[in-house]
Amino acid sequence: MKRLFVALWWVVQAGPAFAQEAPAAPPESSAKVAPAPDAKDSSGFPPEVQRALDALVRADLKQGPTAGLSVGVMRGGQRWMHGYGYRDLARKLPATVRTTYRMASITKSFTAVAVMQLAQAGKLDLDADIHTLVPEYPVKQWPVTVRQLLGHLGGVPTYDSPRAGNNTKPVTTKEAIGLFADRPLVSEPGTRYLYTTWGFNLLGAAVETASGQSYREYLRDHVFGPANMSHADVDDMRTRDAEQAVGYRISGATLKPSRFLDVTSRFGGGGTRATVEDLLGFARAVLDHQLVTRETMGRMQASMVTRDGHITDYGMGFATYPLRGHYIVAHAGGQPETTTLLVILPAEDTAIALATNVEDEAKRLRRLSIRLMEAVLDEGAPARGGHFTDPVDAVVYEGLGRLASYGLAYHDWATRGPGTLPAETDLAGAFTKVSALFDRAAIARDGRGAMERIRGAHEPRGESLFIRVGAHMAATVEKALGAERLRSYRTQGAAGFFADYLAACESLKCPEAERFSPAVRGDVARFVAGWKRAEVPALKRTRLEAAKDPEKLWPALKEAAVRAPAVRPDYTDELLTLADRAKRKPADRMRWLERATELHPESMDAHLAQAVGLMEADREAEGIPHVREAFETPEGSLVLSPAGFLRRLLDTRSPKVARGLLRAAVTLHPDAPELWDALAKRERALGDAGAAKNALAQAKRARQVRAAQEARAPKAPAVVAPAVNAPAQDKAGSTSPSVPVDPESAPEP
């Protein structure tokens, strides 16, 4: 399949933005340039909801810098779409609903649908070795199946250097495969999740083989056409129209034109373009099972599992996980010229589509999608976690929260969406095991181990306990109190869900074995009472940053903390949002950061944010202790692993902040060579050759220590788990408070 273009033509069409640096739009300009007619309302939400959605977007864009943003929200037959800012800063062309953006890795969802259509038609075997469908991909040390590639479990590598992803010339399908065909697999298929665009290029090539059509032709005939995606196409330069957004990257406080990238080399994993209206059309087709059957879509939306029973939070072409009791099906995308996000909530017939022509804006789109979700599904009421001074309480509540989120999400997904629940064999035994996970004495003896067990209790290796028990609890509450009651726990906190379940058990005469242990019931009652004492009336139905004058509410927050020092709602996220909004006022920013750690001294996120703020202000020595404080929290001891630190660097634009975080990280993990190597690169980039040399020496020492430890360690026996396609495995997710970032947004997905 040939994809032709003329590079000079594209540069000319892009206009003068490529000849000069583009200034960032003024903070308020994004909210003013979108003309009223662009607010499409074919079957709109009530006016008050539309105003709330518009206000949320405008408030977020004020944080700048920003160029263009297009937003689409859909629930049932209601739609709201709007464009903000500029699709072309140099020519002052506004971004609209019609603006087309590079979809980047959302393309993977389109490719996965195409593969599953062909599988349904009997033209493609999901368990076939990909070599049989793509002969130009050589036989590897292990067979790689189509099914494994759909879930990033095939062991196919991802970009191993910036150069590997920076293609500037158009290529054919065969040439795109040739860019990585000789690279060996990095792990045995089925044993490790590794996000890879190259793996989806193989799937795109398989679509061509199985269908007899080019990838572009197949998508247009079988995905874009049936889904009414009238402006979607592959991002071959010849397919672009006058509405295509010009891309930008953030450099300090300004926006500069994106570097040139031809995406034909990643056609199946990141090579399409579309509008937000197209994305909502795709979401509607997914929700209505117009592209594949309900059963097939249920399999695509179920998280896949590694051979040793670990959930991946990724199904077949979609990220999939619970979020605050919602079952989320999503994909993010990021590459030069664009950041995109599509969130589908199948149990609630809802979708949110976001696209911007500014790179590396995953964090903003993630945050905005959650705010829009709250506005549409929860009447704007914020979902808050809990704050606890007792580390045992914190671990217990983490367990309650995860069980509630998994239970509510999976119950909804199985009763109102296309999902299914794990087969139930011993419900009473499952309740007993959950009570044991919440045993306070065991948690006090080994808090880290207890947290690890709780964080794995939804997985097949943990007998899917939280899914089985939580879904049964949700069904019981619905039976006793009605389906609408299930909506309230997303804002009330997990303890309220448990309290209602126990009350429902009283009225329905549940077996004693299904009522948890007396200790768990006592903790639930104590948490509910503390939560009620600490509530701030003015913030029950609104977020702190949305309040007219947040400063006036600070005394009330401190008073609430005094009323309920041990158990209370957590306002960390809202305080940090206020800090982010004060970026241009360093004193105000630091004040809100300090308030976050003052109000929630046990919060990992609060301490990390203050550390970053201090490092930005060239006060690294003051910031490093906050990183250590974050690590000492129950969550931090798990999340801030060496790999966790490296993942956080993807969201860190400032070189000096990245260096500061790494300097703190190596004090916590001195035997992690990957951290020392990363630190050496940062020191060298910032001009400190001596520090870089020392870091490399420490990396060498750490590798020697690790090699010696591995040589002494006994060989672990192989773990045998059910096959990846077993129904009981396709159930899981994450209670992560955010939609996931595309792992390849830098340099490209």
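Residues numbered from 1 in each chain as written. Predicted model: local features only at pLDDT ≥ 70, side-chain atom pairs only at ≥ 80, totals over all residues. Heavy atoms only, no water.

## Some points on the overall build of the chain
Consideration 1: Within the chain, the regular secondary structure consists of 31 helices and 14 strands.
Consideration 2: Of all 749 residues assigned to the chain, the portion counted as buried reaches 58%.
Consideration 3: A sequence separation of at least 24 residues applies to 74% of the contacts in the chain between residues at least 6 apart.
Consideration 4: A total of about 28800 Å² of accessible surface is found on the chain, and carbon and sulfur atoms cover 54% of it. (Helix = DSSP H or I, 4+ residues; strand = E, 2+ residues; numbered from the N terminus. Buried < 20%, exposed > 50% of the residue type's maximum accessible area, 1.4 Å probe, protein only. Contact = heavy atoms within 4.5 Å. Areas by Shrake-Rupley, 256 points an atom, 1.4 Å probe, with all protein chains shown as cover.)

## Quick notes on the side chain of threonine 196
Consideration 1: For threonine 196, the location among the structural elements is in the loop between α7 (173–178) and α8 (197–211).
Consideration 2: Within polar-contact distance, the side chain of threonine 196 engages the backbone nitrogen of tryptophan 198 at 3.2 Å. (Polar contact = N/O pair within 3.5 Å; in protein donor to acceptor, adjacent residues only side chain to side chain.)

## Some details on the environment of alanine 283
Consideration 1: Locating alanine 283 in the fold gives a position in helix α11 (residues 276–287).
Consideration 2: Residue alanine 283 is classed as buried on the basis of its relative accessible area, which comes to 0%.
Consideration 3: A sequence separation of 69 residues divides alanine 283 from isoleucine 352, and the C-alpha atoms of the two residues are 8.7 Å apart.
Consideration 4: If near-sequence neighbours (up to four positions away) are discounted, alanine 283 is found in contact with Met74, Leu342, Ile344 and Ala351.

## Here's the deal with the pairing of strand β7 (residues 254–257)
Consideration 1: Pairing of strand β6 (residues 248–251) with β7, which is carried by 4 bridges, proceeds in the antiparallel orientation. Each residue of the ladder has a partner; that of tyrosine 248, found in β7, is proline 257.
Consideration 2: Joining the antiparallel neighbours β6 and β7 is a turn of 2 residues, in which glycine 252 adopts a positive phi near 65°. (Pairing = 2+ DSSP bridges.)

## Regarding the sheet that holds strand β9 (residues 319–323)
Consideration 1: The strand order β3-β2-β1-β12-β11-β10-β9 describes an open sheet built from 7 strands, whose pairing is antiparallel. Only two strands of the sheet have a single partner each, and these edge strands are β3 (93–94) and β9.
Consideration 2: Sheet topology places strand β10 (residues 326–335) next to strand β11 (residues 338–345); 7 bridges connect them, and they run antiparallel. By the bridge assignment for β11, glycine 334 is matched with threonine 339.
Consideration 3: Against the sheet, helix α2 (residues 47–61) touches β1 (68–75) and β2 (78–88), its axis set at about 25° to β2.
Consideration 4: Strands β9 and β10 of the sheet are contacted by helix α14 (residues 391–416), whose axis makes an angle of about 120° with β9. (Axes fitted to C-alpha atoms, helices over the stretch in contact; angles between N-to-C directions.)

## Looking at α2
At 3.6 residues per turn, the α-helix brings residues three or four places apart onto the same side.
Consideration 1: For α2, spanning 15 residues, the distance from its first C-alpha to its last is 21 Å, which sits close to the expected 21 Å at 1.5 Å a residue.
Consideration 2: Residues of α2 that are buried include every one of Gln50, Leu53, Asp54, Val57, Asp60 and Leu61, and no others. Buried residues in α2, looked at end-on, bunch into an arc of 130°, giving them a common side.
Consideration 3: On its buried face, α2 is in contact with β1, β2 and α13 (362–377). (Expected span 1.5 Å × (residues − 1). Arc of directions from axis to C-beta.)

## So, the confidence of the model for the chain
Consideration 1: Overall, the predicted model of the chain reaches an average pLDDT of 88, with 89% of residues at or above 70.
Consideration 2: In the predicted structure, residues 716–741 sits below a pLDDT of 50 and forms 86 contacts with residues beyond four places in sequence or in another chain.
Consideration 3: Counting contacts from residues 745–749, a segment whose pLDDT is below 50, to residues more than four positions away or on other chains yields 25 contacts. (pLDDT = per-residue confidence, 0-100.)

## A look at the pattern of salt bridges
Consideration 1: The tally for this structure, following the rule as stated, stands at 56 salt bridges.
Consideration 2: For arginine 58, the salt bridge is made with aspartate 54, and the minimal N-O distance between the two is 2.6 Å. Highlighted residues: arginine 58 and aspartate 54, both in helix α2, separated by 4 residues, approximately one helical turn.
Consideration 3: A residue is classified by how much of its surface remains accessible, and aspartate 54, at 18% relative accessible area, is buried.
Consideration 4: A salt bridge links glutamate 398 to arginine 455, with the nearest nitrogen and oxygen atoms 3.3 Å apart. (Salt bridge = Lys/Arg side-chain N within 4 Å of Asp/Glu carboxyl O.)

## A look at the packing of α14 against helix α20 (residues 494–508)
Consideration 1: Look at α14 against α20: their axes get within 8 Å of each other, and the N-to-C directions meet at 70°. Relative to α20, the element α14 is oriented roughly perpendicular. For the pair α14 and α20, contact is made by Tyr397, Leu400, Gly401, Leu403, Ala404 and Leu408 and by Ala494, Ala495, Phe497 and Phe498, respectively.
Consideration 2: Tallied by class, residues from the contact of α14 with α20 come to 9 nonpolar, 1 polar and no charged. (Parallel < 35°, antiparallel > 145°, perpendicular 65-115°, else oblique. Nonpolar A, V, L, I, M, F, W, Y, C, P; charged D, E, K, R; others polar.)

## Some details on helix α30 (residues 673–685)
Consideration 1: Between its first and last C-alpha atoms α30 spans 18 Å; for 13 residues at 1.5 Å apiece the expected length is 18 Å, and the two agree.
Consideration 2: Of the residues making up α30, those classed as buried are Pro673, Leu675, Trp676, Ala678, Leu679, Ala680 and Glu683.
Consideration 3: Where α30 is buried, its residues contact α28 (642–649), α29 (655–668) and α31 (689–712).
Consideration 4: Backbone geometry just downstream of α30 places glycine 687 in the positive-phi region, at approximately 85°.

## Here we look at the sheet that holds strand β8 (residues 272–274)
Consideration 1: Ordered in space as β4-β8-β5, the 3 strands form an open sheet in which the pairing is antiparallel. Looking at which strands have only one partner, the edges of the open sheet turn out to be β4 (101–102) and β5 (233–234).
Consideration 2: Here 2 bridges tie β5 to β8, and the two strands are oriented antiparallel to one another. Looking at β8, one finds that valine 234 is bridged to threonine 272.

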